[in-house]
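Observations on the model geometry
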Amino acid sequence: MSYRITDQCKGCTLCSKNCPVMAITGQTKQPHTIDPDRCVSCGLCGKLCAFGAIVDDRGVPAVKIPKSQWKKPEIDPALCAACSVCVENCPKECLSISNPRYHGDITMIALLRTPEDCIGCGICADRCPVGAITLI
Amino acid sequence: MSSKYGGYMGKVAQVDLATGTVSPYPWTDRDRELFIGGKIMAAKILSDHLTGKEEPFSDRNLLVIATGPLTGTGAPSSSRFNISTLSPQTGLLASSNCGGNFGYYLKKAGYDALILRGQAREHTWLEITNDKFVFHNADELWGKSTSATQQALSDLLTQRGGPDKSGKLCIGPAGENRVLYASIVSNERISGRTGMGAIMGWMNLKAITVTGNHVVRAYDAEKMMAWNRKWFRYLRSHPLTGEQLPRIGTAGLVSQMQMRRILATENFRYGQNESFEKVNGERLAEEFNVVNKGCLTCPIRCARTVAVDGQEVKGPELETLGLLGGGIRNDNMELLLRWNYELDELGMDSISAAGTLAWAMEANEKGIWNCGLNFGQVDGISQLWENIAHRRGIGDELADGSRRLSEKYGGKEFAIHSKGLELSAYEPRHAVGMGLGYAVSNRGGCHLNGGYLVILEGLGLNIDAQTPKAKADLTVMFQNLMEMISATGQCLFTSYAFFPAPLMSRPNAWYTRAANKLLPHTGMVIRLLNRCPRAVHMHLSPVFHHTRGFQYATGMPMTFGDYMNVGSRGYTLERSVNCRFGVSAKDDTLPKRLTDEPQQPNNPKTRVPLKKMTPVYYAARGWDSNGIPTPQTLKKLGLKGAD
């Protein structure tokens, strides 16, 4: 499933410039389209679009949210098992596993290394097998 | 064609490389109930196609890449995928399991399995993005090492935009040149055994990349998450999966094997290597390990990273450490690490390469084949790997493995293979249950497909390693268990946790000693359980988390008994296919060195009493005295007509 752009699109190119998986194409001032094979449903386009032209994978129109209000993942170290599922799925590659403190250390956890890149998409929280990630 | 069960994507793709066509393969929920996924699913697909007359290198062979239902659900250690085919090394149905991320991404593309057949007209790599299959020319990749190939593909995919989020698998020069033990590589993880890489090489298929944006959903996500929490915590607190494997990896077993006299040394002449301390897991961890790594979704993190030429590369597993260490009388760890890296880069199975090399060294020593290779002579081995991978000089002959070499030059009694597949580093004369496993294993001399009884015979518990008592029944039980764990998409290391922690951490406690004494006398009980597994209509949850995890992920009812029953179905199905290719009791053998020559000359018990064990094994499996599954057994397992 992927997001979709409606005919409300004014071709401002904001979404295509920011899409982390480069799924959006289109000329300036022309309606843009989303490649359904590339889209990972992170929702960034919807959060940025000023014209309400983005519809999410359930068909609900996305709402613009200012960057200051984007949520960030918080990882519960007691639950995280460093399984790397969040790292593998993060479209902005801003998560990584902490360094082991000694050989054989398995108490590592996932860390948000570059919070400034995080788009608050929540894919990490959705895929985490133990529910160790919450968005706040 | 979706599935009512969770965990499955509901689609299987059939790819014909000769025509470049892709079509859906019918696979129903009834098939999912009976054959689950992974290697058992692959066995069923191959069983439906193979009649017993096919050649491995032909367009009638199939290469089946199958995931399990737990792959991608987030269950611990569940990123495994399985590759099955008619092996060029054994000529029989064989499977190989890999921990790379290809399976995870295959499911993201919406597929449970891929079936490949036919020979592409030109060197090809296949790009899969959801339902789009694109065949690309691979002339520029051909000849490249496995890491260079994956890097080149990654660069290409990154150029098209965004981070490279794809699963990859590829072959190296060994696969291209059809070395019979060529491997398939995904990231740094290797699908090594039985020569799958040579089949891909024959197909002219250098690599596959796969990506997509589907999400694998568990049937009951809430319960699955709660169960995962317990399961991850349990694995991280168990002495084997939470301490030994993370700390020293599988390599840590070298010292234990030395103590138990099961460390294959000098082409299995001896069970102990006096210089083992130079090539053991402790030294690897202390002096060479850079950092521990783990497969995707795995909390155990047993993989090692070491430095070769200043570059961080994958470290060796126990089998490589044993066979390329004492196995050929090498005690130079730096060289061993380099060889391990080179074999991965060339795309060759290190177990079979080392086994073949050890045979050649002994053949040279005995004057059977004057190849110039000697035990302890380690110079020029790197060049030899290159020569094998490119089939140059004696490398061309070594590329065919020890069975074919011994058939050509003689020396079968010390060609350490079963059904053509070289044995792993466990010397079975001091672990006779493992010897039985090697002999009867469907894919040949493999410790895992053979039931891995060494875990009871000294490496976990410490039951009498020389007695054949109960070994056949225990082998059947462990084979079934591991068959099913593989089929679900999980790593076999999760089964270590099956042994209650106190038994592992306190080997001298009264209860551990009692368990050691008792187990060889439980043959009849275990036989009954093997025969009527469904009588165990429960979960065994405190130590065995798999059944409940499976149930929450798929929605398919599953008890411990059902679990074992499917394992038995899978194992017998693979055997039935092999029987079509002429396999019978005569093939369930070991070289004479292991069955006739005692490891310790003054102790005649230190050999594998195979003739005593195989008939019991066949009876325990419900096969006839010639090792062929009986029609009644097939019917009972839901495999009517598979013979």
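Residues numbered from 1 in each chain as written. Chains lettered and ligands numbered in written order. Predicted model: local features only at pLDDT ≥ 70, side-chain atom pairs only at ≥ 80, totals over all residues.

1. Points about the overall build of chain A
Test applied: Secondary structure counts use DSSP, requiring at least four H or I residues in a row for a helix and at least two E residues in a row for a strand, with both numbered from the N terminus. Residue pairs qualify as contacts under a 7 Å threshold applied to their C-beta atoms, which are placed from the backbone.
Secondary structure assignment for chain A yields four helices and eight strands. Going from the N terminus to the C terminus, chain A shows its helices and strands as β-α-β-β-α-β-β-α-β-β-α-β. For chain A, long-range pairs separated by at least 24 residues make up 57% of all intrachain contacts whose partners lie at least 6 apart in sequence.

2. A few points about the domain arrangement of chain A
Residues and elements named next belong to chain A. What counts is decided by this rule: For the domains described, the bounds stem from an automatic or database domain assignment. Nonpolar residues are Ala, Val, Leu, Ile, Met, Phe, Trp, Tyr, Cys and Pro. Charged residues are Asp, Glu, Lys and Arg, and all others, Gly as well, are polar.
Domains assigned within chain A are domain 1 (1–67) and domain 2 (70–135). Inter-centroid distance (C-alpha atoms) of domain 1 to domain 2 is 26 Å. Across the contact, nine residues belong to domain 1 and six residues belong to domain 2. Its residues assigned to classes, the side of domain 1 that touches domain 2 shows six nonpolar, one polar and two charged.

3. Digging into helix α18 (residues 471–488) of chain B
All names here are of chain B. Basically, it comes down to this: A helix's residues, less one, multiplied by 1.5 Å, set its expected span. In this scheme the burial state of a residue depends on its C-beta neighbours within 10 Å: 20 or more other such atoms mean buried, 12 or fewer mean exposed, and anything in between means partly exposed; the C-beta positions come from the backbone.
If you check α18, its first and last C-alpha atoms are 26 Å apart, about what 18 residues at 1.5 Å a residue would give, namely 26 Å. Within α18, 18 of the 18 residues are buried, which leaves the element mostly enclosed by the surrounding structure. Just beyond α18, the residue with positive phi is Gly 489, at close to 100 degrees.

4. A few points about the sheet that holds strand β15 (residues 311–314) of chain B
Residues and elements named next belong to chain B. Keep this limit in mind: The criterion for strand pairing is that DSSP finds at least two bridges linking the strands in question. Helix axes are fitted to C-alpha atoms over the stretch in contact, other axes to C-alpha atoms as well, and angles between N-to-C directions run from 0 to 180 degrees.
Across the sheet, which stays open at both edges, the three strands sit in the order β13-β14-β15 with antiparallel pairing between neighbours. The open sheet has two edge strands with one neighbour each: β13 (289–293) and β15. Ignoring which end each strand starts from, the neighbouring axes of this sheet average 35 degrees apart. Two elements, β13 and strand β14 (residues 303–308), share four bridges in a ladder whose sense is antiparallel.

5. Let's talk about the pairing of strand β8 (residues 132–137) of chain B
Residues and elements named next belong to chain B. Bridge analysis of strand β7 (residues 124–129) against β8 gives six bridges, and the strand direction is antiparallel. Across the sheet, Thr 129 pairs through a bridge with Lys 132, a residue of β8. Counting the residues in the hairpin turn of β7 and β8 gives two residues, including Asn 130, whose phi is positive at 50 degrees.

6. Looking at the interface of chain B and chain A
In this complex, chain B contributes 26 residues to the contact, which on the side of chain A involves 24 residues. Counting only elements with at least two residues in the side of chain B that touches chain A, the list comes to α7 (221–237), α8 (239–248) and β13 of chain B. Ranked by residues supplied to the side of chain B that touches chain A, first place goes to α7 of chain B with five residues. Classifying every residue of the side of chain B that touches chain A by side-chain character gives 10 nonpolar, 11 polar and five charged.

7. Some points on the environment of Leu 474 of chain B
Residue and element names in this part refer to chain B. Within the element layout of this structure, Leu 474 appears in helix α18. Leu 474 sits in the buried class, given 26 other C-beta atoms within 10 Å. When the C-alpha atoms of Leu 474 and Asp 379 are compared, they prove to be 43 Å apart, with 95 residues separating the residues in sequence. Residues within four places of Leu 474 in sequence aside, it is in contact with Gly 433, Leu 453, Leu 456 and Ile 526.

8. A few points about the pairing of strand β4 (residues 81–86) of chain B
Residues and elements named next belong to chain B. Where burial is concerned, most of β4 is hidden: six out of the six residues are buried. Across the two faces of β4 the burial is the same, with Phe 81, Ile 83 and Thr 85 and Asn 82, Ser 84 and Leu 86 all buried. Pairing geometry for strand β3 (residues 63–67) and β4, over five bridges, is antiparallel. Bridge pairing in β4 links Thr 67 to Phe 81. Inspection of the sheet shows β4 paired to strand β5 (residues 93–98) by six bridges, in the antiparallel sense. Across the sheet, Leu 86 pairs through a bridge with Leu 93, a residue of β5. The antiparallel hairpin formed by β4 and β5 contains six residues in its connecting segment, where Gly 91 sits at a positive phi of about 75 degrees.

9. Some thoughts on the packing of α7 of chain B against helix α22 (residues 546–554) of chain B
Geometry of a packed helix pair, given as the angle between the helix axes and the separation of the axes. Residue and element names in this part refer to chain B. Where we set the bar: Geometric relationships in this document are graded by angle, where less than 35 degrees denotes roughly parallel, more than 145 denotes roughly antiparallel, 65 to 115 denotes roughly perpendicular, and other angles denote oblique. By the definition used in this description, the sense in which the near helix is turned from the far one sets the handedness, with an anticlockwise turn below a right angle giving left-handed and a clockwise turn giving right-handed.
Interhelical geometry of α7 versus α22 gives an angle of 155 degrees and a closest axis separation of 9 Å. Taken together, the axes of α7 and α22 lie roughly antiparallel to each other. When the axes of α7 and α22 are compared, the crossing they make is left-handed. Within the contact between the two elements, α7 uses Lys 223, Met 224, Trp 227 and Trp 231 and α22 uses Arg 548, Gly 549, Tyr 552 and Ala 553. Residues that form the contact of α7 with α22 fall into these classes: five nonpolar, one polar and two charged.

10. A word on the domain arrangement of chain B
Residue and element names in this part refer to chain B. Here chain B is partitioned into domain 1 (12–211), domain 2 (251–422) and domain 3 (431–636). Listed per partner, the contact involves 21 residues of domain 2 and 21 residues of domain 3. Going through the elements one at a time, α9 (253–260), β16 (417–418) and β17 (421–422) are the ones with two or more residues in the side of domain 2 that touches domain 3. Take the side of domain 2 that touches domain 3: its biggest share by element is three residues, from α9. Taken together, the residues of the side of domain 2 that touches domain 3 sort by class into 10 nonpolar, five polar and six charged.

11. Overview of the environment of Ser 77 of chain B
Relative to the helices and strands, Ser 77 of chain B resides in the loop between β3 and β4. Sequence separation of Ser 77 of chain B and Arg 301 of chain B is 224 residues, and the distance between their C-alpha atoms is 9.4 Å.

12. What about the sheet that holds β5 of chain B?
Residues and elements named next belong to chain B. In space, the six strands of this open sheet follow the order β2-β1-β6-β3-β4-β5, with mixed pairing throughout. Pairing within the sheet leaves two strands with one partner each, and these edge strands are β2 (21–24) and β5. Taking each pair of neighbouring strands and ignoring which way they run, the sheet shows an average axis angle of 20 degrees. With four bridges joining them, β3 and strand β6 (residues 113–117) adopt antiparallel strand pairing. Bridging across to β6, Val 64 finds its partner in Ile 115.

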